[in-house]
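Architecture at a glance
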Amino acid sequence: MKMTIDMPFVETCTISDCAYNKDDKCHARAITIGDGIHPGCDTSFLGSPSHTRANSLAGVGACKVSGCSYNNDLECSADSITVSMKNDSIQCMTYQEA
Ligand code: SF4
């Protein structure tokens, strides 16, 4: 049985050495953002010699950054997000302080 879930999608991710990344797109089924305060990617799997064969785009399954204006009951309400490196960590660049 499969479920269809409406999630914001990860429009781009520039972390090319993550196993889920191909051509600046994230192909994990869903990612988790945040550690409660910082909007870091909680799913990145870095330094892998192989990359996923999946072609579907990742969704944002959960976000633990309640201080973001897009966060609604620990879910992201943006249409899409982008992920990139900022201050030496992998972060949601769509984050907006509430
Ligand atoms: S935009 Fe905000 S709520 Fe959505 S994933 Fe990024 S930090 Fe979380």
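Computed from a predicted model, the values in this text were never measured in an experiment.

Some details on the overall build of the protein chain
Each helix and strand in the protein chain was counted, giving 0 helices and 9 strands. For the protein chain, the N- to C-terminal ordering of α and β elements is β-β-β-β-β-β-β-β-β. Taken over the C-alpha trace, the protein chain has a radius of gyration of 13 Å; the compact-globule value for 98 residues is 13 Å, and the two agree within 12%. Each of the 98 residues in the protein chain was classed as buried or not, and the buried ones make up 35%. Taking as baseline every contact in the protein chain between residues at least 6 positions apart, the subset at least 24 positions apart corresponds to 67%. With an accessible surface of roughly 6400 Å², the protein chain has 49% of that area assigned to carbon and sulfur atoms. For the protein chain, the distance from the average position of its 7 positive side-chain charges to the average position of its 12 negative side-chain charges is 11 Å.

Here we look at the site of the ligand
Lining the immediate environment of the ligand, one finds Ile 33, Pro 39, Cys 63, Cys 68, Tyr 70, Asn 71, Cys 76, Cys 92, Thr 94 and Tyr 95. Here the ligand is seated within the largest cavity. Tallied by class, residues from the shell around the ligand come to 8 nonpolar, 2 polar and no charged.

The rules behind the values
- Sequence order as written defines the numbering, with residues in each chain counted from 1.
- Note on the predicted model: pLDDT of at least 70 is required for a residue's local features to be given, and 80 or more for side-chain atom pairs to be given and counted; whole-chain, interface and lining totals, by contrast, use all residues.
- Excluding hydrogens and water, the side-chain figures rest on all heavy atoms present in the structure.
- What counts as a helix is a DSSP run of H or I of at least four residues, what counts as a strand is a run of E of at least two, and both are numbered from the N terminus.
- Radius of gyration means the value over C-alpha atoms here, while the globule rule gives 2.2 Å times the residue count to the 0.38 power.
- Exposure is judged per residue with a 1.4 Å probe applied to protein chains only, and the accessible area is read against the type maximum: over 50% gives exposed, under 20% gives buried, and values in between give partly exposed.
- Any two residues having at least one pair of non-hydrogen atoms within 4.5 Å are treated as being in contact.
- Areas reported as accessible are Shrake-Rupley estimates using a 1.4 Å probe. Residue values count occlusion only from the protein chains shown.
- Charged residues are defined narrowly, with Lys and Arg counted positive, Asp and Glu counted negative, and His plus the chain ends left uncounted.
- Charged side chains are reduced to one point each, which is NZ for Lys, CZ for Arg, CG for Asp and CD for Glu.
- One heavy atom suffices: a residue is near a molecule or strand as soon as one of its heavy atoms comes within 4 Å of it.
- Grid points spaced at 1 Å and placed over the protein atoms alone form the basis of the search, with a cavity being a set where a 1.4 Å probe fits but cannot get out and a pocket an open set showing protein on both sides within 12 Å along at least five of seven lines. Lining residues have an atom within 4 Å of a point.
- Those molecules having more than half of their atoms within 2 Å of a cavity or pocket grid point set are described as sitting in that cavity or pocket.
- Each residue is assigned to one class: nonpolar for Ala, Val, Leu, Ile, Met, Phe, Trp, Tyr, Cys and Pro, charged for Asp, Glu, Lys and Arg, and polar for all the others, Gly among them.

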